[in-house]
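Understanding the architecture of this molecule
Below, each chain spelled out in residue letters.
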Amino acid sequence: MIYKRSSALFSEAQRVIPGGVNSPVRAFNAVGGDPIFVEKAKGAYLYDVDGNTLIDYINSWGPMILGHAHKPVVEAVVEKAKKGTSFGMPTQIETEIAELAISMVPNIDKIRFVNSGTEACMSAVRLARGYTGRDKIIKFAGCYHGHSDSFLIQAGSGAITFGTPNSPGVTKGTAKDTLLATYNDLNNVAKLISENENEIACIIIEPVAGNMGCIPPAKGFLNGLRQLCRENGILLIFDEVMTGFRLAKGGAQELYNIDADIVTFGKVIGGGLPVGAFAAREEIMNHLAPLGPVYQAGTLSGNPLAMAAGLAMLKELNKNQKIFDSLTAKTEYLHNGLGSVLTQNSIDHTINRVGSMISVHFSETPVTNFDTAAIGNNETFKKFFHGMLSEGVYIAPSAFETWFLCEALSYEDLDKTIEACNKVATTLA
Ligand SMILES: *Cc1c(COP(=O)(O)O)cnc(C)c1O
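Residues numbered from 1 in each chain as written. Predicted model: local features only at pLDDT ≥ 70, side-chain atom pairs only at ≥ 80, totals over all residues. Heavy atoms only, no water.

What about the overall build of the chain?
For the chain, the count of helices and strands is 15 helices and 14 strands. Taken against the 2.2 N^0.38 rule, which gives 22 Å for 429 residues, the C-alpha radius of gyration of the chain at 21 Å falls within 12% of a compact globule. Along the longest, intermediate and shortest principal axes, the C-alpha atoms of the chain span 60 × 55 × 45 Å. Of all 429 residues assigned to the chain, the portion counted as buried reaches 55%. Considering only residue pairs separated by 6 or more positions, the chain has 72% of its internal contacts joining residues 24 or more positions apart. Accessible surface computed for the chain: about 17,800 Å², of which carbon and sulfur atoms make up 51%. (Helix = DSSP H or I, 4+ residues; strand = E, 2+ residues; numbered from the N terminus. Rg over C-alpha atoms; globule rule 2.2 N^0.38 Å. Buried < 20%, exposed > 50% of the residue type's maximum accessible area, 1.4 Å probe, protein only. Contact = heavy atoms within 4.5 Å. Areas by Shrake-Rupley, 256 points an atom, 1.4 Å probe, with all protein chains shown as cover.)

What about the site of the ligand?
Neighbouring the ligand are the residues Ser116, Gly117, Thr118, Tyr144, His145, Gly146, Glu206, Asn211, Asp239, Val241, Met242 and Lys267. Asp239 is positioned with one of its side-chain polar atoms (N or O) 2.6 Å from a nitrogen atom of the ligand. At 2.6 Å from an oxygen atom of the ligand is found a side-chain nitrogen or oxygen belonging to Lys267. Out of a free accessible area of 380 Å², the ligand has 83% covered by protein chains. Split into classes, the residues belonging to the shell around the ligand amount to three nonpolar, six polar and three charged. (Near = heavy atom within 4 Å. Polar contact = N/O pair within 3.5 Å; in protein donor to acceptor, adjacent residues only side chain to side chain. Nonpolar A, V, L, I, M, F, W, Y, C, P; charged D, E, K, R; others polar.)

Examining the sheet that holds strand β10 (residues 276-280)
The strand order across the open sheet built from seven strands is β4-β10-β9-β8-β7-β5-β6, with neighbouring strands paired in mixed fashion. Each end of this open sheet is capped by a strand with a single partner; those strands are β4 (110-114) and β6 (178-181). Across the sheet, the axes of successive neighbouring strands diverge by a mean angle of 20°, strand direction being ignored. Strand direction decides the pairing type here: strand β5 (residues 136-140) and strand β7 (residues 200-205), joined by three bridges, are parallel. By the bridge assignment, Lys136 is partnered in β7 with Ile200. Across the sheet, helix α7 (residues 186-195) is in contact with β5, β6 and β7; its angle to β6 comes to roughly 155°. (Pairing = 2+ DSSP bridges. Axes fitted to C-alpha atoms, helices over the stretch in contact; angles between N-to-C directions.)

A short note on the environment of Phe370
Mapped onto the elements, Phe370 comes out in helix α13 (residues 370-373). For the pair Phe370 and Asn211, spaced 159 residues apart in the sequence, the C-alpha separation amounts to 9.5 Å.

Re the domain arrangement of the chain
Here the domain parsing of the chain yields domain 1 (4-69 + 321-428) and domain 2 (71-319). Taken together, the contact pairs 33 residues of domain 1 with 40 residues of domain 2. Roughly 2,900 Å² is buried in total at the junction of domain 1 and domain 2, and carbon and sulfur atoms are behind 69% of that figure. For the interface between domain 1 and domain 2, the tally reads zero salt bridges. Our enumeration of links across domain 1 and domain 2 arrives at 13 residue pairs in polar contact (both at pLDDT 80 or more). It is strand β12 (residues 357-361) that contributes the most residues to the side of domain 1 that touches domain 2, four residues altogether. Class assignment of the residues belonging to the side of domain 1 that touches domain 2 gives a composition of 19 nonpolar, twelve polar and two charged. (Domains from an automatic or database assignment. Buried area = accessible area lost by both parts, 1.4 Å probe. Salt bridge = Lys/Arg side-chain N within 4 Å of Asp/Glu carboxyl O.)

Some words on helix α1 (residues 4-16)
Along α1, the residues classified as buried are Ser6, Phe10 and Ala13. The arc that holds every buried residue of α1, seen down its axis, measures 65°, which confines them to one face. Opposite the packed face of α1, turned more than 90 degrees from it, sit the exposed residues Lys4 and Arg15. (Arc of directions from axis to C-beta.)

Quick notes on the pattern of salt bridges
Within this structure, the stated rule accounts for twelve salt bridges. A salt bridge links Glu199 to Lys136; the shortest N-O distance between them is 3.5 Å. With Glu199 in the loop between α7 and β7 and Lys136 in strand β5, this residue pair connects regions lying 63 residues apart in the sequence. Given the relative accessible area of 34%, Glu199 is considered partly exposed. The buried category is assigned to Lys136, whose relative accessible area is 16%. A salt bridge links Glu391 to Lys423, with the shortest nitrogen-to-oxygen separation between them at 3.4 Å. Of this pair, Glu391 sits in the loop between α14 (378-390) and β13 (393-394) while Lys423 is found in helix α15 (residues 411-425), placing the two residues 32 residues apart along the sequence. We classify Glu391 as partly exposed; its relative accessible area is 34%. For Lys423, a relative accessible area of 46% gives the class partly exposed. If you follow the salt bridges from partner to partner, you end up with Arg226, Asp261 and Arg281 in one network.

Considerations on the sheet that holds β12
Read from one edge of the open sheet, three strands run β11-β12-β14, paired in antiparallel fashion. Of all the strands in the sheet, just β11 (350-354) and β14 (403-404) have a single pairing partner and so form its edges. When β12 meets β14, the two strands line up antiparallel, connected through two bridges. Bridge pairing links Ile358 to Trp403 in β14. Across the face of the sheet, helix α12 (residues 322-344) comes into contact with β11, β12 and β14 while running at roughly 175° to β11.

Okay, structure coming up:
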C-alpha cells in the first residue's frame, strides 16, 4: 500500500501541531512510521487519503460499536444541527438521554454529562473526595483514567508507549494522594488500605482493563474490592469509559453483577461525539453543584449535537440487545482464528478477550497485570502491526491497546483478518 499523501499531510501537521497529532497514541511512535490520515469511514472500513481501504479494529478507540457513520446516529446529528449547535441553556434531549442511560445501567439514579472520559473520571474522583471528606485515592498500575493530574502517576497506554510513566507537570503534592495498586492483586489493595486507614476516598478501576491490552478481572477480584470498599467507607468507582454500553447494555456492572458506587462513561455513550458522563445513586450525586457543594461545570456539557448522537446510539443498543451477544461471538471467532494461526506458526502469544475487547500479546506468560503485559515482545508486535496494515487490517499502533470489534464487521471480514494474520505470522518467527 502507498501512503504518500498521508505522509505529506503528516509533515504539514507537524509544523503546526505538536507531533502532528491531537492525541499522542495516534502518532506511530510505538511502531514506527507515519500515521495514516483518514478521508472517511463507513461500517467496518476506513478509507484513507491515499485511496486505501482498511478493516478497522480501533473504531475511534471504542465509540463506533455499530460501525462508522451509522445512519440513525448521523441523521440525528444532522437534524439537531439545523436547530442550532449550542445554547448554554437546558434542553429536553439531556433529560431523554439521562433517562435512557439510567434505565439501561444498574444501580444509578442520576447522571451528569461532560465532554470527555477524562473529565468524567476527574469529576468522579472530586465527588468521591467531597462525599467522603478524604483525600487519597487508589488506582491500579496500567489502568488509564484520562490525563488529569491525579491519574498520571503511572498511567497506561500513551504514557507507557512513550516510556514516561510520570509526566512532568504533575506536582509531587498531587502524586502523594494517589496510591498505586497491582491489578488483580487483592492483598496488595488490602495492604494499602490498612496503611492508610480512614484516608482513602475511593478506589478507581477499569473493571476490565483495556489500556494495557485487554486484561480481564480475575475471579473474585472485583467482588473482593467491593467488599473492601464497603468495610472501609471507601467509594468504588468503575471507570466504564471503555466497557460501558460495550460489554453489555449495563456495562461491567451488569456483566459481573457487581454494584459500583460511582460509574464513569465516555466513548460509546457519545456515539462518536465528545461526551463523557458520571453517575451514581441519588445520595451521592446530590452532593454536586448546584444541589450540593462539590463544584463541577461545563460550557458545552450536554451539547445538543453530542446528546443527539449519544441518544441515537443508546436507543439502537437498547432496542437490539442481541448486538452484545453477536459481538461476543464474532470476537470469539477472531480469537480462535488468530490463536490457531499463531500456534501453527510457532509464535509465542497470549490472547485476552472479554466481550468485544481483545488483545494479542507476544509472550506465553499469562497477561494479568501491568508487569505481565510489559513482557510481550515489542519487536514482534511492530512487525505484526505493519504486516497487518499492509494486508489492509488496521489494529491499534501499540502493543498496550485493546482492539475493539464493531457490529458492522462481517464473518468475511474476520476471515480476511485471520488470513492476513496467517501471511504475517510466517514473517514473525
Ligand atoms: C479512553 C479512556 C478514558 C479517557 O477518555 P477521553 O475521552 O479520552 O478523555 C478514561 N478511562 C478509560 C478506561 C478509557 O478507556
